[in-house]
Amino acid sequence: MTALVLSQRGLLGDEVAKHNNNNDCWVIIHGKAYDVTEFLPEHPGGSKIILKYAGKDATEEFDPIHPPDTLDKYLDKRFHKGPVDMSTVETTAKEDDPEEAARQDRIARMPLLEQCYNLYDFEAVARQVMKRTAWGYYSSGADDEITMRENHTAFQKIWFRPRILVDVTEVDTSTTMLGTKCSIPFYVTATALGKLGHPEGETVLTKAAGKHDVIQMIPTLASCSFDEIVAAADGKQTQWFQLYVNKDRKITERIVKHAEQAGCKGLFITVDAPQLGRREKDMRAKFSDIGSDVQKSEDPDAIDRSQGAARAISSFIDPGLSWKDIPYFQNLTKMPIVLKGVQRVDDVIRAVDHGVTGVVLSNHGGRQLDTAPTGIELLAEVMAELRQRGIQDKIEVYIDGGVRRASDIVKACCLGAKGVGIGRPFLYAMSAYGEKGVSRAMQLLKDEFVMNMRLIGARTIDELTPDLVDTRGLNVHTVPIAPDTLGNHAYDPLVSPAFKAKL
Ligand SMILES: Cc1cc2nc3c(=O)[nH]c(=O)nc-3n(C[C@H](O)[C@H](O)[C@H](O)COP(=O)(O)O)c2cc1C
């Protein structure tokens with residue numbers, strides 16, 4: 001055993017830097033050194049990404065993807081090498097990385113928050129100031145991203161039939177979701193890896209949601225710990241919990257019970273992800289980040305585990321989850337159960353038969369099955385069927401995907417949704433401007449919402465009825481996207497594999 005070189009404040013950077021290869025690999029995380037040599041082959045995200053940081057400080061890469069207690073839980077104590085004197089650790093100056101220097105320059109020249117007038121503005125700014133890997137993870141959709149784009153364009157196929165000469169002096173946007181009152185029928189849906197966009201991660205969303213009396217759904221795969229997100233709430237605000245069901249049901253049981261004890265008011269079981277979709281922007285960003293040798297596997301059929309953040313974190317999800325498991329969850333918790341990711345009418349009827357409280361008509365923001373239907377399109381079909389059967393009050397129907405304007409929310413409410421989930425826009429607002437950004441995004445939606453209600457002649461959420469919308473164009477897919485829409489400008493096109501530079 002080699003003697004370790006210690007300063008008064010811990011291990012010296014030089015000493016840690018020696019352990020920089022496949023056979024002897026240490027990393028520094030939050031000022032402590034860890035020997036991860038034996039863990040390399042088991043790392044769900046592949047060994048390459050760890051080796052990139054062998055002998056170095058990996059905190060920045062580690063933080064967004066791992067809950068804070070990961071190393072204590074999963075790495076045997078004998079591999080914890082102790083504190084490092086961080087003043088002796090060599091850091092790569094940001095100016096030495098031209099991509100990072102250019103990003104810092106853009107950050108210095110960012111538009112003022114007050115210049116953001118709608119949710120697309122946050123997306124356009126975030127695209128310029130986020131790290132490439134973070135942007136890749138947040139912005140990507142599955143395959144050709146047809147569903148992802150259709151999610152928003154579907155709303156544009158619904159037109160209003162405004163009612164005139166209604167006294168709309170007073171407008172009340174408050175409503176109830178899963179039995180809890182809230183200020184407006186939208187919620188912050190579950191999105192994983194908040195720290196990719198902001199060092200404080202999901203707690204940024206919690207604080208803005210609390211300020212606006214908006215409900216937040218806490219993701220299983222948050223970067224912050226569940227307890228940190230609950231602690232960031234103001235005590236009065238409502239939080240739900242999104243569950244990815246683990247193959248190990250004991251783990252599932254523990255986290256569901258913990259969520260219930262912490263006061264969560266709804267359990268959203270994600271049912272559209274027995275396997276995570278292929279999100280090529282995410283994979284491509286990750287690929288170029290860890291070097292081109294990733295593809296040089298000896299066995300061309302071997303599973304490449306370095307396929308972006310999404311795949312790295314999701315291997316525990318149970319593909320065996322089925323309708324048979326629903327009674328198990330109903331026995332496990334008193335929280336209302338909602339199935340998140342329902343994609344056809346007869347599955348909604350089945351959900352009613354199983355006595356669940358609600359469904360979210362969702363395609364996971366277009367990140368799972370490409371050309372799966374949009375939530376809003378399905379909502380029109382589902383509500384017609386539920387009404388025909390006289391069971392429309394037996395289940396609460398939510399939708400998410402592509403909601404970018406309050407008029408989208410109003411349309412969903414007119415068609416019978418109890419509320420809508422919003423994902424990426426709040427992530428972009430958070431990544432670009434932090435809590436103030438998310439708060440402004442929520443306020444913009446609220447202002448738009450009141451205006452829209454007045455302009456269509458509705459004073460309360462109950463007055464948003466199907467006769468206020470014209471859905472005749474809804475079932476035509478893949479309309480050409482008008483080149484002058486803001487969404488089209490913000491959309492980051494897919495790219496083909498890059499050719500090597502000329503020598
Ligand atoms: C970056 C990102 C991460 C997501 N992570 C999860 C997740 O961990 N669990 C889940 O059920 N849905 C997840 N979703 C799907 C969202 O809950 C929601 O269905 C989708 O974002 C709605 O579309 P929108 O982003 O257009 O609003 C994620 C979506 C994004 C964009």
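What you see is a predicted model, and the numbers here were worked out from it, not measured in a lab.

> Would you mind showing me how to read helix H9 (residues 202-211) here?
The α-helix advances 3.6 residues per turn, and as a result positions three or four apart in sequence lie on the same side. Buried residues dominate H9, accounting for eight of its 10 residues. Listed in full, the buried residues belonging to H9 are Glu-202, Thr-203, Val-204, Leu-205, Thr-206, Ala-208, Ala-209 and Gly-210. Structurally, H9 contributes buried residues whose contacts are with strand S10 (186-188), strand S11 (215-218), helix H10 (226-231), strand S12 (239-243) and helix H18 (424-456).

> Help me understand the site of the ligand in this model?
What surrounds the ligand is a group of 22 residues, the closest being Ala-190, Thr-270, Asp-400, Arg-404 and Gly-423. At a separation of 3.4 Å, an oxygen atom of the ligand approaches a polar side-chain atom of Ser-362. Here Gly-423 contributes a backbone N or O atom positioned 2.9 Å from an oxygen atom of the ligand. In isolation the ligand offers 600 Å² of accessible surface; the protein chains occlude 99% of this area. The site holding the ligand turns out to be the largest cavity. Among the elements of the structure, helix H7 (132-139) and H18 are those that each provide at least two residues to the shell around the ligand. For the shell around the ligand, a count of residues per class yields seven nonpolar, 10 polar and five charged.

> Would you mind going over the layout of surface pockets with me for this structure?
In this approach the atoms are scanned with a rolling probe the size of a water molecule, which exposes any empty space left behind. In this structure, the second largest pocket occupies an estimated 1400 Å³ of space. Taken together, 43 residues make up the lining of the second largest pocket; nearest its centre are Ile-65, His-66, Pro-67, Thr-70 and Tyr-74. Those elements that place two or more of their residues in the lining of the second largest pocket are strand S4 (24-29), helix H2 (48-51), helix H3 (59-65), helix H4 (70-74), H10 and helix H11 (249-261). Here the lining of the second largest pocket is composed, by residue class, of 27 nonpolar, 10 polar and six charged. Each of two domains, domain 1 (6-88) and domain 2 (133-298 + 307-478), supplies a minimum of three residues to the lining of the second largest pocket.

> Got a minute to help me understand the sheet that holds S4 in this structure?
Taken in spatial order, the four strands of this open sheet run S3-S4-S5-S6, and their pairing is antiparallel. What marks the edges here is a single partner per strand, and that holds for strand S3 (20-21) and strand S6 (80-83). Two elements, strand S5 (residues 32-35) and S6, share three bridges in a ladder whose sense is antiparallel. Bridging across to S6, Tyr-34 finds its partner in His-80.

The rules behind each value
Every chain begins its residue count from 1, and numbering advances along the sequence as written. Predicted model: local features are reported for residues with pLDDT of at least 70 only, side-chain atom pairs are reported and counted for 80 or more only, and whole-chain, interface and lining totals are derived from all residues. With hydrogens and water excluded, all non-hydrogen atoms of the structure serve as input to the side-chain values. Relative accessibility decides the category of a residue: with a 1.4 Å probe and only protein chains considered, values under 20% of the type maximum give buried, values over 50% give exposed, and everything between is partly exposed. Numbering of helices and strands runs from the N terminus; a helix is a DSSP stretch of H or I covering at least four residues, while a strand is a stretch of E covering at least two. A contact between two residues is defined here by any heavy atoms of the two lying within 4.5 Å. In this text, near means that some heavy atom of the residue lies within 4 Å of the molecule or strand in question. In the analysis that follows, any N or O atom pair within 3.5 Å is treated as a polar contact, provided that within protein one partner can donate a hydrogen and the other can accept it, and provided that, for residues neighboring in sequence, both atoms belong to side chains. Per-residue accessibility takes into account occlusion by the displayed protein chains alone, with areas from the Shrake-Rupley method and a 1.4 Å probe. Buriedness of a pocket was judged along seven lines, with at least five required to meet protein on both sides within 12 Å; pockets are open sets of points on a 1 Å grid over the protein atoms alone, cavities are sets where a 1.4 Å probe fits but cannot get out, and lining residues have an atom within 4 Å of a point. Being in a pocket or cavity means that more than half of the molecule's atoms lie within 2 Å of its grid points. Only Asp, Glu, Lys and Arg are considered charged in this grouping, and only Ala, Val, Leu, Ile, Met, Phe, Trp, Tyr, Cys and Pro are considered nonpolar; every other residue, Gly among them, is considered polar. Grid points are joined across faces, edges and corners, and a volume is the space filled by probe spheres set on the points. Here the limits of each domain have been adopted from an automatic or database domain assignment. Strands qualify as paired when DSSP identifies two bridges or more between them.

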